[in-house]
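Here is what each chain is made of, one letter per residue.
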Amino acid sequence: MMAEAGAGGPRLAELLALGRRLWEELEASTEPSSGAPAVQDKVRQGLDALQRAAAMVTQLELFSENEELEEIASADLKFMLLPALLGALTLKQVDLSRRREHLESAREHFLHFLKLCRNYGLGSFQLPPGTSSEEEARSSPAPRDPSQPNLVAMAMSRSAKIERYKQKKELENKLAAMSSSVESGTADEDQIREFYILQIQKWIGNSLEEIESIDQELVILKSRDAARQAPAGPRGPPRPARTPVKPFILTRDAAQARVFGAGYPGLPTMTVDDWYEQRRKQGIVSQQAFGEPGSPHCPSPPAGTSDEEMQKQQKETEEEEDDEEALQKARDWDDWKDTHPRGYGNRHNMG
């Protein structure tokens, strides 16, 4: 296998190194926008290099499901990172019209990497949803009581995240201590092998975190797409536009309208009846609205009542209201005269 990798020459290693260097530059970039042309140009270059390298790895058959980890040459271990790096760079594309496509593509890359690591026994982890039924059966725990899965799943997820964070920090410290000797070429084969295995284990944690974030974003995007495609609900006929009402003074009767009209020549006056009639013609109020028989303001007359009887009853009601009003005014006038004797307040004609 080592010879086959070497048959590819340094070209394969150079493509991997280029793609990884561009990804590291993007991670450390201080560009204010990830959509800047310079940033996206690096993303395209990195993806091109890594895709070409992945095609060469497939052609050389560097990794096989029938192999053990010990059978892989130490120098070839670094090529296992290709799917993870492809997923990381795919996520850095910013074309919003293809966001869902990019998310699903990145998820496939990360999942491919995790399956490869699991096949070689690298790391202890559970494959996320989206694998085949056989793999899910091997990686998923036994089914739990459906009456209480939520709290248990949340606790397991939280403890797994904490554990991954601790492992990530430990791996970063070990890699930082070993990187100088490996990059300078002074490390022996065992150190090189350990260094690449630690890198793979670090990317296992990164891939699990990225898949979790991708799944959350995909749920949001799918809900948004479903809402856009949902047919509009049944709607009634459009409401007619109302004619703007000009200001006016509302009065009880024609006599009051004449009084107010004289004091406010700039504003027209309108009685309640005139106002109601105008609104009824515009279709704003119905026949059963204010003051009409059967409305709350005017109870319906008994069945069989003639128009003359209705007019007579209305006249009697108005006379009763007028009599009560006149009686109240007379009482108020008597009370006022009791407390104000004749000539009260007239002081100019004294003597």
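The rules behind the values
Residues numbered from 1 in each chain as written. Predicted model: local features only at pLDDT ≥ 70, side-chain atom pairs only at ≥ 80, totals over all residues. Heavy atoms only, no water. UniProt positions renumbered as here; feature names shortened; annotations may be inferred. Axes fitted to C-alpha atoms, helices over the stretch in contact; angles between N-to-C directions. Helix = DSSP H or I, 4+ residues; strand = E, 2+ residues; numbered from the N terminus. Parallel < 35°, antiparallel > 145°, perpendicular 65-115°, else oblique. Left-handed = near helix turned anticlockwise from the far one by under 90°. Contact = heavy atoms within 4.5 Å. Expected span 1.5 Å × (residues − 1). Polar contact = N/O pair within 3.5 Å; in protein donor to acceptor, adjacent residues only side chain to side chain. Phe/Tyr/Trp six-rings, centres within 6.5 Å; stacked < 30°, edge-to-face > 60°. Buried < 20%, exposed > 50% of the residue type's maximum accessible area, 1.4 Å probe, protein only.

An unreviewed UniProt entry annotates the protein chain as IGBP1 protein of Molothrus ater. The heading Sequence similarities (unreviewed entry) in the UniProt record of the protein chain holds the text "Belongs to the IGBP1/TAP42 family."

This paragraph deals with the packing of helix 3 (residues 37–60) against helix 4 (residues 82–90). Relative to each other, helix 3 and helix 4 sit at 155 degrees, their axes nearing to 10 Å. Relative to helix 4, the element helix 3 is oriented roughly antiparallel. Viewed along their axes, helix 3 and helix 4 form a crossing whose handedness is left-handed. Residues Val43, Gly46, Leu47, Leu50, Gln51, Ala53, Ala54 and Val57 of helix 3 pack against Leu82, Leu85, Leu86, Leu89 and Thr90 of helix 4.

Turning our eyes to something else, we now look at helix 8 (residues 189–229). With 41 residues, helix 8 extends 58 Å from end C-alpha to end C-alpha; this agrees with the ideal 60 Å at 1.5 Å per step. The N-capping residue of helix 8, defined by a side-chain oxygen 3.3 Å from the backbone nitrogen of Asp190, is Asp188.

Let us look at the environment of Ile200. If you trace the backbone, Ile200 turns up in helix 8. In this structure the C-alpha to C-alpha distance between Ile200 and Lys78, which are 122 residues apart in sequence, comes to 7.8 Å. Beyond its immediate stretch of four places on either side in the chain, Ile200 contacts Leu77, Met80, Leu81, Phe113, Cys117 and Leu122.

In total, this model carries three aromatic pairs according to the counting rule given. Both rings, one in Phe63 and one in Tyr120, keep their centres 6.4 Å apart while their planes meet at 75 degrees; by these two values the pair is edge-to-face. Linking Phe63 in the loop between helix 3 and helix 4 with Tyr120 in the loop between helix 5 (99–119) and helix 6 (133–139), this pair joins segments that are 57 residues apart in sequence. In this pair, the class of Phe63 matches that of Tyr120, namely buried.

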